[in-house]
Amino acid sequence: MAQLIVDGIMTGAILSLGAIGITLGLAILRFANFAYAELLTVGAYATLAVVLAMGGTGVPIDPFSFGAYIGLALLVSLAATGLAALVGDALVFAPLRRRSAGPLVLIFASFGLALVVRNLVLLIFGPQPEYYSRELQMAILLPGDIRLMPDQVVVLAAAVLALGALWWVLNHTRHGLAMRAVAENPGLAQTCAISPKAAIRVTWLITGVLGALGGTLFGLTVQLRPEMGANLLLPLFTAAVLGGVGSIPGAVIGGLFVGIAENLSTLVLPTAYKAIVPFLIMLACFFIRPQGLFGQSR
């Protein structure tokens, strides 16, 4: 069981990054963006494209499976995916907002955008699974007969650092404070000389960066496939809903809870049924506490 919990924490750390992007979208953009998970796919494959262009990740850094070039590839991916998020908003969602489209219209538009992005990735890279590196690595043996791959240590450390950086941005920068103000009350924020449009652009940029990081970290531990984002969509939304809309700590705790619950479910369910666990958690949350653990009733 201890091994399953550790594996769940690794999965949950990645889900937390994506769930923050979801909860920021729900709080500031005010609609459920079902195309968001595709940003994880775009980010993962953008990193792969740079890795392939450089001929690999470089000489592996012992004991990891990748070399130093993965850092450069990730930086390019962060920029490219953040730009892709801004372009998607400019081409699809911003024109709809100008026409006073309701949340339902925006949700349907996000479904269509998700299909377009997924199939573009499929067209460019093909359906076969991809890897950043095929180098073998030795597991680290921890007390309690727990085995941890070195790459997983990097994933957890990067996720923690990213969460810390995001907390600082939201609480100690002008753009972060503007985003929080727009999430709380857009009209009042505008009267205080805060531009909701600028806050929305920053939100798209941050969610794109989080998607790129989450997708790349996920790709370090599993195969890259064009449908990887679609497979993560339900766990991401479950983590965001469980934590409470607009709550960053809630999204983190929700992501960890979903990741651990998914892995522990294999003790009683066949692995093939693990995907239903996020739905059951979301359903229970709707019945017991619809506003989530840290959300406020509205």
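Residues numbered from 1 in each chain as written. Predicted model: local features only at pLDDT ≥ 70, side-chain atom pairs only at ≥ 80, totals over all residues. Heavy atoms only, no water.

Digging into the overall build of the protein chain
Now for step 1: When you go through the protein chain residue by residue, the secondary structure sums to eleven helices and two strands.
Now for step 2: In the protein chain, the succession of α and β elements from N to C terminus is α-α-α-α-β-β-α-α-α-α-α-α-α.
Now for step 3: With the C-alpha coordinates aligned to their principal axes, the bounding extent of the protein chain is approximately 55 × 45 × 35 Å.
Now for step 4: Going through the 298 residues of the protein chain one by one, you find that 47% of them count as buried.
Now for step 5: Taking all contacts inside the protein chain whose residues are at least 6 apart in sequence as the whole, residues at least 24 apart take part in 74%.
Now for step 6: In the form shown here, the protein chain has an accessible surface area of approximately 14,500 Å², with 71% of it arising from carbon and sulfur atoms.
Now for step 7: In the protein chain, the 15 positive side-chain charges and the 11 negative ones have mean positions that sit 18 Å from each other. (Helix = DSSP H or I, 4+ residues; strand = E, 2+ residues; numbered from the N terminus. Buried < 20%, exposed > 50% of the residue type's maximum accessible area, 1.4 Å probe, protein only. Contact = heavy atoms within 4.5 Å. Areas by Shrake-Rupley, 256 points an atom, 1.4 Å probe, with all protein chains shown as cover. Lys, Arg positive; Asp, Glu negative; His and termini not counted. Charge placed at Lys NZ, Arg CZ, Asp CG, Glu CD.)

Considering the packing of helix α1 (residues 2–29) against helix α9 (residues 228–243)
Now for step 1: At a minimum axis distance of 8 Å, the contact between α1 and α9 shows a crossing angle of 70 degrees. Taken as axis vectors, α1 and α9 run roughly perpendicular relative to one another. When you trace α1 past α9, the crossing you get is right-handed. Touching Leu15, Gly18, Ala19, Ile22 and Thr23 of α1 are Leu232, Pro235, Leu236, Phe237, Ala239 and Ala240, all from α9.
Now for step 2: In terms of residue class, the contact of α1 with α9 is made up of nine nonpolar, two polar and no charged. (Axes fitted to C-alpha atoms, helices over the stretch in contact; angles between N-to-C directions. Parallel < 35°, antiparallel > 145°, perpendicular 65-115°, else oblique. Left-handed = near helix turned anticlockwise from the far one by under 90°. Nonpolar A, V, L, I, M, F, W, Y, C, P; charged D, E, K, R; others polar.)

Description of a positive patch on the surface
Now for step 1: There is a patch of like positive charges on the surface, built from Arg98, Arg99, Lys197 and Arg201.
Now for step 2: Mapped onto the elements, Arg201 comes out in helix α8 (residues 196–221).
Now for step 3: A relative accessible area of 47% means that Arg201 is categorised as partly exposed. (Patch = residues over 30% accessible without salt bridge, like charges linked within 9 Å, V, L, I, M, F, W, Y side chains within 5 Å. Salt bridge = Lys/Arg side-chain N within 4 Å of Asp/Glu carboxyl O.)

Describing the packing of α1 against helix α5 (residues 150–172)
Now for step 1: Here α1 crosses α5 at 35 degrees, and the two axes come no closer than 10 Å. Crossing handedness for the pair α1 and α5: left-handed. Here Asp7, Ile9, Met10, Ala13, Ile14, Leu17 and Ile20 of α1 come into contact with α5, specifically with Gln152, Val155, Leu156, Ala159, Ala162, Leu163 and Leu166.
Now for step 2: Here the residues of the contact of α1 with α5 are counted per class, giving twelve nonpolar, one polar and one charged.

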